[in-house]
Amino acid sequence: MAPYETDGSTTAGPDEERRAQRRRRTARYVVPVTVMGVAAATIGLVPALADSGDPDLPEITAQQLLQKMAESDTEQLSGTVKISTDLGLPDLGGLEDGLMSGGPGAGRDGGSSADPSARLTELASGTHTLRVAADGPDRQKVSLLQDAAEYSLIHNGKDVWGYDSESNEVYHGTVSGHAEQPRKEVPATPKDFAQEALKAVDDTTSVTVDGTAQVAGRDAYKLVIDPKQAGTTVGAITVAVDAETGTPLKFTLTPASGGAAVVDAGFTQVSFAKPDASTFDFTPPKGAKVTEDGELEAGERAPEHGRKAEKDLGKGLDGPKILGEGWNAVAVLDTGGQGLPTGSAGGDAGGDLGGFLNSLGDQVSGTFGSGTVFQTRLINALITEDGTVYAGAVTKEALVKAADAAH
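Residues numbered from 1 in each chain as written. Predicted model: local features only at pLDDT ≥ 70, side-chain atom pairs only at ≥ 80, totals over all residues. Heavy atoms only, no water.

Some details on the packing of aromatic side chains
How two aromatic rings sit relative to each other is set out by the distance from centre to centre and by the angle between their planes.
Alright, step 1. Tallied over the full model, the rule gives three aromatic pairs.
Alright, step 2. Aromatic side chains Tyr 163 and Phe 282 sit 5.7 Å apart centroid to centroid with 45° between the ring planes, which places their arrangement in the tilted category. Within this pair, whereas Tyr 163 is found in strand β5 (residues 159-164), its partner Phe 282 is found in the loop between β11 (263-271) and β12 (289-292), the two being separated by 119 residues in sequence.
Alright, step 3. Overall, the relative accessible area of 16% leaves Tyr 163 in the buried class.
Alright, step 4. Residues Phe 193 and Phe 251 carry aromatic rings whose centres are separated by 5.1 Å and whose planes lie at 20° to one another, so their mutual orientation is stacked. With Phe 193 in helix α5 (residues 190-198) and Phe 251 in strand β10 (residues 248-255), this pair connects stretches of sequence that are 58 residues apart. For the pair Phe 193 and Phe 251, one class covers both residues: buried.
Alright, step 5. Taken together, the ring pairs connect Trp 161, Tyr 163 and Phe 282 into an aromatic cluster. (Phe/Tyr/Trp six-rings, centres within 6.5 Å; stacked < 30°, edge-to-face > 60°. Helix = DSSP H or I, 4+ residues; strand = E, 2+ residues; numbered from the N terminus. Buried < 20%, exposed > 50% of the residue type's maximum accessible area, 1.4 Å probe, protein only.)

Okay, here's the thing in structure tokens:
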């Protein structure tokens, strides 16, 4: 089937258009950060889904398919999702667990291993299998399957439960309104990814329908989102959209550098029948350690030195300012700090840490001064000597250009 491209027309008024432009600019930063989960501090493809031939479906334009997705009223489903993420980060071994709170043992030095803010960030790297279920805005469940254990996050009415079967620890929180979703640091389904990606669609983007596919036994159209601008690290985004319901079934983001996908998330099995009500029931097992949300926020979430570093990093931290437009937008954050420590022959703590961090990045300079660029296959970040952070789904050269333009 030949591609059909959107015409980009709009009937929005000038005030609404300005608000939409601001949302799109912000989305340029939010989309990739959400994808990797931990990008603000710093996300190979495996064959997740098997296509069994391209189904013969009626032709549809990109605009019609976008409308179908927007009008989709799917609120009930269950199934299995496989997510693979490959940012090309270096293997830090055991050091990674000490720097981030995303491993299976997260929280065991004072926090709770069942805290979703720690556990769901595991999806930012590697390949994972999830069981998901949803019954409207008040009931959802996501279970992260492991070799001999399982982590589940359950939203049922006002209650949010996290349960780590390996440690037999339970997290419990509440939401102020039943329609409010439980917090998640990273997307968990193709729909989550697709909704964020579609926020970035504007006149800097080509949106086409490029044939059909069969995903998890269902016929689907392939929606392709292509940046028109040079300088972005995003190559293309493909969303397989269920032909009957308009629900995204698979999401794939490939980098401009080529090779394996950075993110590949898709259903391997899906049903749109109403899940059994018992799916969302949860009672803490006997002997489980239960941590209430209030206790967790006020308690020891990390060793003292870790919490101090986090506090220092956040001094003076305001919301990001956005430079540029479209896929070349760069987020600027003033940490209020002194940038990265530099290496020194003296062997002090700052020198050792600085030398190690500098070895992971590229030293750059310009009218802004000097700094270090840390690169992945999607998100790149420049940290200057004065503590300013420039980050986005753009190349190293684009980051330096943005930093120069800001001075």
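Comments concerning the sheet that holds strand β17 (residues 380-384)
Alright, step 1. Strand order in this open sheet of six strands is β13-β14-β18-β17-β16-β15, and the pairing throughout is antiparallel. Two strands in the sheet have a free side with no partner beyond their single neighbour: β13 (321-323) and β15 (362-366). Averaged over all pairs of adjacent strands, the angle between their axes in this sheet comes to 25°, without regard to strand direction.
Alright, step 2. When strand β16 (residues 369-375) meets β17, the two strands line up antiparallel, connected through five bridges. Across the sheet, residue Phe 374 finds its bridge partner in β17, namely Ala 381.
Alright, step 3. On top of the sheet, helix α9 (residues 396-405) reaches β13, β14 (330-334), β15, β16, β17 and β18 (388-392); it is set at about 40° to β17, its chief contact. (Pairing = 2+ DSSP bridges. Axes fitted to C-alpha atoms, helices over the stretch in contact; angles between N-to-C directions. Contact = heavy atoms within 4.5 Å.)

Let's talk about the side chain of Thr 85
Alright, step 1. Within the secondary structure, Thr 85 is located in strand β1 (residues 76-85).
Alright, step 2. Side-chain polar atoms of Thr 85 contact the backbone oxygen of Ala 124, separated by 3.2 Å. (Polar contact = N/O pair within 3.5 Å; in protein donor to acceptor, adjacent residues only side chain to side chain.)

Quick notes on unusual backbone geometry
Alright, step 1. Phi angles above zero are rare outside glycine, and Asn 168 is one such case at about 60°.
Alright, step 2. Along the chain, Asn 168 falls in the loop between β5 and β6 (169-174).
Alright, step 3. On the basis of relative accessible area, Asn 168 is assigned to the partly exposed category, the value being 23%.
Alright, step 4. One non-glycine residue with positive phi stands out, namely Ala 216, at about 50°.
Alright, step 5. Here Ala 216 lies in the loop between β7 (205-215) and β8 (218-227).

Observations concerning the nonpolar core
Alright, step 1. Among the nonpolar cores identified, the biggest contains 51 residues, and Leu 130, Leu 223, Ile 237, Val 239, Phe 251 and Leu 378 are the most heavily contacted of them.
Alright, step 2. Per-element tally for this core: the top contributor is strand β9 (residues 234-242), with five residues.
Alright, step 3. Here Leu 223 is in contact with Ala 62, Leu 65, Leu 66, Met 69, Leu 198, Val 207, Thr 208, Val 209, Ile 237, Thr 238, Val 239 and Val 241, once residues within four sequence places are set aside.
Alright, step 4. Within the second largest apolar cluster, 12 residues are counted, among which are Val 330, Val 332, Leu 382 and Ala 403. (Core = buried A, V, L, I, M, F, W, Y, C linked by side-chain atoms within 4.5 Å.)

Observations regarding the pairing of β1
Alright, step 1. The buried fraction of β1 amounts to seven of the 10 residues, a majority that puts the element mostly inside the structure.
Alright, step 2. Judged from the 10 bridges that link them, β1 and strand β2 (residues 126-135) form a sheet pairing that is antiparallel. Bridge pairing in β2 places Ile 83 opposite His 128.
Alright, step 3. Sheet topology places β1 next to β11; eight bridges connect them, and they run antiparallel. Directly across from Gly 79, in β11, lies its bridge partner Val 270.

Quick look at the side chain of Arg 119
Alright, step 1. Looking at the element boundaries, Arg 119 is found in helix α4 (residues 116-119).
Alright, step 2. Judged by relative accessible area, which is 0%, Arg 119 ranks as buried.
Alright, step 3. A distance of 3.3 Å separates the side chain of Arg 119 from the side chain of Asp 164, its partner in a polar contact.

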